[in-house]
Amino acid sequence: MARPPDNSLPHRLSTGRFGPLILLFMRYGPPRWSRYIRSQWTGSRLVIAVPYLWLLLFFLVPFLIVFKISFSEVQVAMPPYAPLFDWVEDARRLIVTFNLNNYLFLLTDDLYVSTFLYSVKVAAISTLICLLVGYPMAYAIARSSPAIRNVWLMLVILPFWTSFLLRVYAWVGLLKNDGVINNLLLGLGLIDEPMSLLYTDFAVYVGIVYSYLPFMILPLYSNLEKHDLTLLEAAADLGARPVRAFLSITLPLSMPGIIAGSLLVFIPAVGEYVIPSLLGRSDQLMIGRVLSDEFFSNRDWPVASAVAIAMLLLLVIPIMLFQRYQKRELEARK
Amino acid sequence: MKSNGWFRGLALLVGFAFLYVPILSMIAFSFNNSRLVTVWDAANSPTLKWYRLLFDNEQILGAAWLSIQIAAMTATGAVVLGTIAGLVLARFGPFRGRALLSGLTTAPLVMPEVITGLSLLLLFVSLEQLIGWPSGRGVLTITIAHITFAMAYVTVVVQSRLAGFDDSLEEAALDLGARPARVFFSITLPLILPAIVSGWLLAFTLSWDDVVISQFVAGPGSSTLPMVIFSKVRLGVSPDVNALATIMVMIVAAGVVLSALWMRHQERRREREMRMARAAEK
């Protein structure tokens, strides 16, 4: 009976021109070579390479391109910016046109400065309100009985699964001049004429708090749930009132949760685009909107890129803080 | 801790009212007869006319179908890449470039969408100039963009699930001579299946929901459902959007409840098996 041809990789490798060399390596190579090759060589490198290459190509490289274009000059062409590197054949040299005008423009133009300040203000106030609403909820959930706790948590997460856009849109119907809230207050006789609620800072705060509340509650809950309640009992035994016990035990212990939740709300809120477009003022835009207008309406790609880089610089410290928290959290579960 | 029971009750009541009243009012007004979205026409309500109008709207139905396709492709791609990334970060120990990979997988979680959208669009434009791919923008570019930010969520879900198990089972299988691929498919994968399922659903939802990034990387003729809704509601409220929202909330609520029940079932089965294994040891 003819044996099927041996097609295994070691066989194929050992029959080529370098066959003897490879055989030698396989026999006298690194110790426990089979385990070594299995876990250290082909498989694991390939497995690591797949997500790595994807993220490098579609996440890191795009930032470098934005960074590059932010130093270019705008021109009427497609793509609408001047090349940064220009190889001049006659002169045999690379001409690098590096201009900081886009950034100077951002710094000197009042519109951009006020937009940045306004965005930070809106994000900070919304984060604070989110914390004030979310902390008591997270606390109440963490101190309920384990059976009902999961129901509460599911109710917190459920809106997160429904369309973000539609949830923001729901507030348009509530806040309009002839909307549900105004009609209700008029009907109750509490106000005589409709309050203007929509297209105000207030509406943007409400929209951001409403959309991002689950992001505040979940890290707070996962922190508060782990607290050792005997500490509070000890404080009570020693005569501390509940408020005092809360301020000197629970609050300091929940600081990591507060920081994580606040960052998860603050960072995306600074660049928020949909909420201010639907609920916000038209005379004062936020950065996300300005970036998008600069890109789509003015077709000024370099300035749009510079706005993006400036926004990243503003957020780089919060983002790094969040990453540190995330890493600690994932490693603590081991 | 009985003394602050009223406070906890109040916090939950106010918080959940805040979370659910807007959704409930949207559902209620989807059955309202009046064209004015906010005035309740008691005489002729409830009515299903906005639902009928919705199902006659070719543009919305077409966009919804496109969004479902993109979301399904995104979820599948993000689950494959995110599971690999989560596995690498949780199980492969230290390797060169691990810190960078870990940073690259958590950064999209908090990156403002306008920046992600702008940078991906500029990448696609540059790539098209350099190598002619992707030619134009459309479903492919939207899907790539969605996979990139959705895989970050899947990675975190899978990684934290893996961190909950020690690797003794995998070690044992390796010592018994199973190849790494075999170990993955017969041990690791069943263990992290709940995380993979919830990661898939999460990625699907994120893609289905996204408007900002899609607006940057979409081309002519590839308007997703959120893009159509966004341009519609920017002009003001319209009752058929309420009907659409109601349908979506119902589907999601059913899906979340079912998946929670399934996950609890899985968890119970696993615990029972663990108990039986321990009993057999004795």
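Just so we're clear, the structure is a prediction, and the values are computed from it rather than from any experiment.

K.L.:
Is there a simple way to think about the overall build of chain A in this case?
P.N.:
Check the secondary structure of chain A and you find 16 helices and 2 strands. Considering chain A as a whole, with its 334 residues, one finds that 38% of them fall into the buried category. In chain A, the share of contacts with a sequence separation of at least 24, taken over all contacts with a separation of at least 6, comes to 69%.

K.L.:
Got a minute to help me understand the overall build of chain B in this structure?
P.N.:
Check the secondary structure of chain B and you find 11 helices and 0 strands. Secondary structure of chain B in N-to-C order comes out as α-α-α-α-α-α-α-α-α-α-α. For 282 residues, the compact-globule estimate of 2.2 N^0.38 gives 19 Å, and chain B exceeds it by more than 25% at 24 Å. Expressed along its principal axes, the backbone C-alpha trace of chain B runs to roughly 75 × 65 × 35 Å. A separation threshold of at least 6 residues defines the contact pool for chain B, and within that pool the share at least 24 residues apart is 77%.

K.L.:
Whenever I open this one, the environment of Ala245(B) confuses me. Can you help?
P.N.:
Here Ala245(B) is to be found in helix α11 (residues 239-281). As for Ala245(B) and Met26(B), which are separated by 219 residues in sequence, their C-alpha atoms are 7.5 Å apart. In contact with Ala245(B), not counting residues within four places along its chain, are Ser163(A), Leu166(A) and Met26(B).

K.L.:
Is there a simple way to explain the packing of helix α6 (residues 110-142) of chain A against helix α10 (residues 201-224) of chain A in this structure?
P.N.:
The description of two helices packed together rests on the angle between their axes and the distance between the axes. All names here are of chain A. The interhelical angle for the contact between α6 and α10, taken along N-to-C directions, is 40°, at an axis separation of 6 Å. The orientation of α6 relative to α10 falls into the category oblique. The crossing of α6 and α10 is right-handed. The residue inventory of the contact of α6 with α10, partitioned by class, reads 23 nonpolar, 2 polar and 1 charged.

K.L.:
What exactly am I supposed to notice about unusual backbone geometry here?
P.N.:
Trans is the prevailing form of peptide bonds, just as negative phi is the prevailing case for residues other than glycine. Of note, the bond from Trp133(B) into Pro134(B) is cis; its omega dihedral lies within 30 degrees of zero at -5°. In this fold, Pro134(B) is placed in the loop between α5 (113-131) and α6 (139-163). Its identity as a non-glycine residue notwithstanding, Arg299(A) has a phi of 50°, on the positive side. C-beta crowding within 10 Å serves as the criterion here: with 14 such atoms nearby, Arg299(A) is assigned to the partly exposed category.

K.L.:
Help me out: how do you make sense of the interface of chain A and chain B in this one?
P.N.:
How big an interface is tends to be stated in terms of accessible area lost as the parts join. With 76 residues of chain A at the contact, the number on the chain B side is 70 residues. Here the side of chain A that touches chain B takes 18 residues from helix α4 (residues 42-69) of chain A, the largest share from any one element.

K.L.:
What am I meant to see in the packing of helix α4 (residues 98-110) of chain B against α6(B) here?
P.N.:
Residues and elements named next belong to chain B. Close contact between α4 and α6 brings their axes to 8 Å; oriented N to C, the two are set at 110°. With respect to α6, the axis of α4 lies roughly perpendicular. In this structure, α4 meets α6 at a crossing whose hand is left-handed. Contacts between α4 and α6 involve Thr-105, Thr-106, Pro-108 and Leu-109 from the first element and Thr-148, Phe-149, Ala-152, Tyr-153 and Thr-155 from the second. Here the contact of α4 with α6 is built from residues that sort into 5 nonpolar, 4 polar and no charged.

Reading the values: rules and limits
- Residues numbered from 1 in each chain as written.
- Chains lettered and ligands numbered in written order.
- Predicted model: local features only at pLDDT ≥ 70, side-chain atom pairs only at ≥ 80, totals over all residues.
- Helix = DSSP H or I, 4+ residues; strand = E, 2+ residues; numbered from the N terminus.
- Buried ≥ 20, exposed ≤ 12 C-beta atoms within 10 Å, placed from the backbone.
- Contact = placed C-beta atoms within 7 Å.
- Rg over C-alpha atoms; globule rule 2.2 N^0.38 Å.
- Axes fitted to C-alpha atoms, helices over the stretch in contact; angles between N-to-C directions.
- Parallel < 35°, antiparallel > 145°, perpendicular 65-115°, else oblique.
- Left-handed = near helix turned anticlockwise from the far one by under 90°.
- Nonpolar A, V, L, I, M, F, W, Y, C, P; charged D, E, K, R; others polar.

Note that all results are geometric; they support no functional claim without further evidence.
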